[in-house]
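Notes for the structure review
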Amino acid sequence: MPGLGDLAGRQVALIDILDRLLTGGAVLTGDLVLSVADVDLVRINLRAVIHSITPDDPAPW
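Residues numbered from 1 in each chain as written. Predicted model: local features only at pLDDT ≥ 70, side-chain atom pairs only at ≥ 80, totals over all residues. Heavy atoms only, no water.

Section: the pairing of strand E2 (residues 39–50)
As judged from the eleven bridges shared by strand E1 (residues 26–36) and E2, these two strands associate in the antiparallel manner. Paired with leucine 32 across the two strands is isoleucine 44, which belongs to E2. Connecting the antiparallel pair E1 and E2 is a turn made up of two residues, with alanine 37 showing a positive phi of about 55°. (Pairing = 2+ DSSP bridges. Helix = DSSP H or I, 4+ residues; strand = E, 2+ residues; numbered from the N terminus.)

Structure below.
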């Protein structure tokens, strides 16, 4: 199966991209800072792990 880098320049359905992400897993990270006049008011750190759960690879809980 080709990687996501092989999809550049091609039209691909969103479900195909989600299928590839869930098959191999993905880690999403991000930082969001809301500020006014250079004063940080809200800081949010986002961390998410996305991976499919199958009978062969069950959930850890």
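From this point on, the discussion continues.
Details of the pattern of salt bridges
For the structure shown, the criterion picks out two salt bridges. Here arginine 47 and aspartate 31 are joined by a salt bridge, their closest N and O atoms 3.8 Å apart. With arginine 47 in strand E2 and aspartate 31 in strand E1, this residue pair connects regions lying 16 residues apart in the sequence. With respect to burial, arginine 47 and aspartate 31 carry one shared label: exposed. Notably, a salt bridge pairs aspartate 40 with arginine 43, separated by 2.9 Å at the nearest N-O pair. Since its relative accessible area comes to 55%, arginine 43 is described here as exposed. (Salt bridge = Lys/Arg side-chain N within 4 Å of Asp/Glu carboxyl O. Buried < 20%, exposed > 50% of the residue type's maximum accessible area, 1.4 Å probe, protein only.)

A closer look at a nonpolar patch on the surface
There is a patch of nonpolar side chains on the surface, built from Leu32, Leu34, Val36, Val39, Leu41, Val42, Ile44 and Leu46 and spanning about 690 Å² of accessible area. Breaking the nonpolar patch down by element, the ones donating at least two residues are E1 and E2. Looking at the nonpolar patch element by element, the count peaks at five residues for E2. Structurally, the position occupied by leucine 41 is in strand E2. On the basis of relative accessibility, which here comes to 58%, the residue leucine 41 falls in the exposed class. (Patch = residues over 30% accessible without salt bridge, like charges linked within 9 Å, V, L, I, M, F, W, Y side chains within 5 Å. Areas by Shrake-Rupley, 256 points an atom, 1.4 Å probe, with all protein chains shown as cover.)

Things to note about the environment of valine 33
Along the chain, valine 33 turns up in strand E1. Take valine 33: its relative accessible area is 34%, and that puts it in the partly exposed class. Distance from valine 33 to isoleucine 44, taken between C-alpha atoms, is 6.4 Å for residues eleven residues apart in sequence. In contact with valine 33, not counting residues within four places along its chain, are Asp40, Val42 and Arg43. (Contact = heavy atoms within 4.5 Å.)

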